[in-house]
Amino acid sequence: MSNIADMIESYILRQLASRQDGQVELRRTDIADEISCAPSQISYVLSTRFTQDKGFVVESRRGLGGFIRIVQVPLRDLVYQDMLSKIDENTDMGTVQSMVRYLVQHGMVETREAALLMQMVTGLFHSETLAAEERVQMLKTMILTLENFT
């Protein structure tokens, strides 16, 4: 199965590479005919090798007129989107500080930027006049700003 899985992955990656926009729509039957494999093998490859944590978003429709849409998303965008989804009124300072440390460890921000971010986070959580909703909005704005400038 590994050899066929490699062939399916390679075929899909070639199709993606030929597109400028980082997305491709394919039909399972076309892939199966090209590689001489079963559609279930294609599903296996999609679910194991084209996952969100590897930088892909896959939309699949089965049946007549069905298709597979694969979009390659930069991993940085996924990290920031994950962080945004985790910030709410119940998020504590330690969680946000861990997010900043993650960004430093993975080279997404420099140490100097991280120091500034940590100061801001500390200030937001120790403010006696800032409502939780305002803190959440400021933290999300901070993450969105980082995403837009990387």
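Residues numbered from 1 in each chain as written. Predicted model: local features only at pLDDT ≥ 70, side-chain atom pairs only at ≥ 80, totals over all residues. Heavy atoms only, no water.

Chemist: Any chance you could break down the overall build of the protein for me, citing the residues and the numbers?
Modeler: Scanning the protein from terminus to terminus reveals seven helices and three strands. Going residue by residue from the N terminus, the α and β elements of the protein occur as α-β-α-α-β-β-α-α-α-α. With respect to the principal axes defined by its C-alpha atoms, the protein has extents near 65 × 30 × 30 Å. Buried residues in the protein amount to 37% of all 150 residues. Of all intrachain contacts in the protein linking residues separated by at least 6 positions in sequence, the fraction that spans at least 24 positions is 55%. If you sum the accessible surface of the protein, you get close to 9,300 Å²; carbon and sulfur atoms cover 50% of it. For the protein, the distance from the average site of its 15 positive side-chain charges to the average site of its 20 negative ones is 5 Å. (Helix = DSSP H or I, 4+ residues; strand = E, 2+ residues; numbered from the N terminus. Buried < 20%, exposed > 50% of the residue type's maximum accessible area, 1.4 Å probe, protein only. Contact = heavy atoms within 4.5 Å. Areas by Shrake-Rupley, 256 points an atom, 1.4 Å probe, with all protein chains shown as cover. Lys, Arg positive; Asp, Glu negative; His and termini not counted. Charge placed at Lys NZ, Arg CZ, Asp CG, Glu CD.)

Chemist: Tell me about the side chain of Arg135, residues and numbers included.
Modeler: Its location among the elements puts Arg135 in helix 7 (residues 132–148). For the buried Arg135, which has no salt bridge, the nearest side chain bearing the opposite charge is Asp88, at an N-O separation of 7.8 Å. With residues near it in sequence (within four places) discarded, Arg135 still touches Glu89, Thr91, Leu124, Phe125 and Leu130. (Salt bridge = Lys/Arg side-chain N within 4 Å of Asp/Glu carboxyl O.)

Chemist: An account of the UniProt feature "domain: CtsR C-terminal dimerization" (unreviewed entry) in the protein is needed here, citing residue identities and associated values.
Modeler: Residues given the UniProt feature "domain: CtsR C-terminal dimerization" (unreviewed entry) here are residues 80–143. Each end of residues 80–143 is marked by a C-alpha atom, and these two atoms are 7 Å apart; helix forms 75% of the span and strand 0%. (UniProt positions renumbered as here; feature names shortened; annotations may be inferred.)

Chemist: So what about the sheet that holds strand 3 (residues 67–72)? Which residues, and what values?
Modeler: Taken together, the three strands give an open sheet; going across it, the order is 1-3-2, and neighbouring strands pair in antiparallel fashion. Edge positions in the sheet fall to strand 1 (23–26) and strand 2 (56–61), since each has one partner strand and no second. Averaged over all pairs of adjacent strands, the angle between their axes in this sheet comes to 10°, without regard to strand direction. Two elements, strand 1 and strand 3, share four bridges in a ladder whose sense is antiparallel. What sits directly across from Val24, in strand 3, is Ile70. (Pairing = 2+ DSSP bridges. Axes fitted to C-alpha atoms, helices over the stretch in contact; angles between N-to-C directions.)

Chemist: Lay out helix 7 with the relevant residues and their values.
Modeler: In an α-helix, one full turn covers 3.6 residues, which means residues spaced three or four apart are oriented alike. With 17 residues, helix 7 extends 24 Å from end C-alpha to end C-alpha; this agrees with the ideal 24 Å at 1.5 Å per step. What helix 7 keeps buried is the set Arg135, Val136, Leu139, Met142, Ile143, Leu146 and Glu147. The arc that holds the buried residues of helix 7, viewed along the axis, is 140°, so those residues lie on one side. Residues of helix 7 that are exposed and angled more than 90 degrees away from the buried face: Glu133 and Asn148. (Expected span 1.5 Å × (residues − 1). Arc of directions from axis to C-beta.)

Chemist: So, the nonpolar core: which residues are in play, and what are the values?
Modeler: Across soluble globular proteins, nonpolar side chains show a tendency to be buried alongside one another. Of all hydrophobic cores here, the largest spans 22 residues; its most connected members are Leu103, Leu139, Met142 and Ile143. Of all the secondary structure elements, the ones that give two or more residues to this core are helix 4 (75–86), helix 5 (93–105), helix 6 (111–126) and helix 7. At six residues, the largest contribution of residues to this core is made by helix 6. Grouped together as the second largest cluster of nonpolar side chains are 18 residues, Ile8, Val24, Leu46 and Phe56 included. (Core = buried A, V, L, I, M, F, W, Y, C linked by side-chain atoms within 4.5 Å.)

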